Amino acid sequence: MGTGKAFDPNFDPNIDAYIHKSNPFAQPILRHLRELVHEACPGVTETMKWSRPFFEFNGVILGNMSAFKEHCSFGFWGAEIGAELREAKVLRPEAMGSLGRIAKIEDLPPKRQFLSLVKKAAELIERGEYTGPMASRARVVKAPKAELEMPPEFARALKANKKAAAVFAAFSPSCRREYVEWIADAKRDETREKRIETAVEWIGEGKQRHWKYQKG
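Scope of this entry: the structure provided in the associated data block.

Scoring rules and cut-offs
- Residues numbered from 1 in each chain as written.
- Predicted model: local features only at pLDDT ≥ 70, side-chain atom pairs only at ≥ 80, totals over all residues.
- Heavy atoms only, no water.
- Core = buried A, V, L, I, M, F, W, Y, C linked by side-chain atoms within 4.5 Å.
- Buried < 20%, exposed > 50% of the residue type's maximum accessible area, 1.4 Å probe, protein only.
- Helix = DSSP H or I, 4+ residues; strand = E, 2+ residues; numbered from the N terminus.
- Pairing = 2+ DSSP bridges.
- Expected span 1.5 Å × (residues − 1).
- Contact = heavy atoms within 4.5 Å.
- Axes fitted to C-alpha atoms, helices over the stretch in contact; angles between N-to-C directions.

1. Some details on the nonpolar core
Turning to step 1, where the next piece is worked out: Counting 33 residues, the largest nonpolar core has Leu62, Met65, Phe74, Phe76 and Phe114 as its most contacted members.
Turning to step 2, where the next piece is worked out: Elements represented by at least two residues in this core include exactly helix H1 (13-21), helix H2 (26-40), strand S2 (52-57), strand S3 (60-67), strand S4 (72-76), helix H3 (81-87) and helix H4 (111-126).
Turning to step 3, where the next piece is worked out: Counting residues per element, this core draws most heavily on H4, which supplies eight residues.

Structure follows, in structure tokens:
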């Protein structure tokens, strides 16, 4: 069996995959941003929305990052943080996000300043004062996908493996959905059986569907 990285619910392997697929110049920038957000707010969790990495705290969007052909961006969410960004003189409206076009790590605010802004955003969320997207950029929030029906064969295989069943139950809804979709999409019985066998093995090791993209 593999010796993949232990499951950490605060890190989404889909974001590992997003970084891995980004242009080479963007990868160190995205990794740096990700590390700083987790350093400033240890309770932050990750998710993919609108095909981009997002950071959430207490179920509220704190910010997001994106990679483009020649630059990256990072956007704070919440109108209230806008005053902090303007006071810090880091608000850049010329590109998507809050900090303008980021072509290299040096284009970011100093580390201490960036950490302070993330901490401030988390504080606003904790106080219930982080109420909406900033800078009048209207965003339509899509309804969450309905939970998929578990394939009976997959349910039986999990029931027969208590460890895998416990890990699967602890996964986020999106992580569970990735496995269910993968198995349900199999066209042939043999393929479905193989995927179920592989899934139970990976889940028993604490691995999410796209664990190969996780940092070792």
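2. Notes on the pairing of S3
Turning to step 1, where the next piece is worked out: For S3, the tally of buried residues reaches six of eight residues, placing the bulk of the element in the interior.
Turning to step 2, where the next piece is worked out: One ladder, built from four bridges, connects S2 with S3; its direction is antiparallel. Bridge pairing in S3 places glutamate 56 opposite isoleucine 61.
Turning to step 3, where the next piece is worked out: Between the antiparallel neighbours S2 and S3 lie two residues, among them asparagine 58 with a positive phi of about 55°.

3. So, H2
Turning to step 1, where the next piece is worked out: Taking 1.5 Å of rise per residue, the 15 residues of H2 would be expected to cover 21 Å, and the 21 Å separating its terminal C-alpha atoms lies within 8% of that figure.
Turning to step 2, where the next piece is worked out: Those residues of H2 hidden inside the fold are in contact with H1, strand S1 (45-49), S2, S3, S4 and H4.

4. Considering the environment of lysine 89
Turning to step 1, where the next piece is worked out: Residue position: lysine 89 is located in the loop between H3 and H4.
Turning to step 2, where the next piece is worked out: Residues lysine 89 and leucine 99, spaced 10 residues apart in sequence, show a C-alpha to C-alpha distance of 9.8 Å.

5. Here we look at the sheet that holds S3
Turning to step 1, where the next piece is worked out: Spatially, S1-S2-S3-S4 is the arrangement adopted by the four strands of the open sheet, whose pairing is antiparallel. Two strands close off the open sheet at either side, each with one partner strand: S1 and S4. Recorded for the sheet is a direction-independent mean angle of 25° between the axes of neighbouring strands.
Turning to step 2, where the next piece is worked out: In this sheet, S4 lies alongside S3 in antiparallel orientation, the contact comprising five bridges. Directly across from methionine 65, in S4, lies its bridge partner phenylalanine 74.
Turning to step 3, where the next piece is worked out: Of the strands in this sheet, S1, S2, S3 and S4 are in contact with H2, which crosses S3 at around 165°.

So yeah, pure geometry; function would need other evidence.
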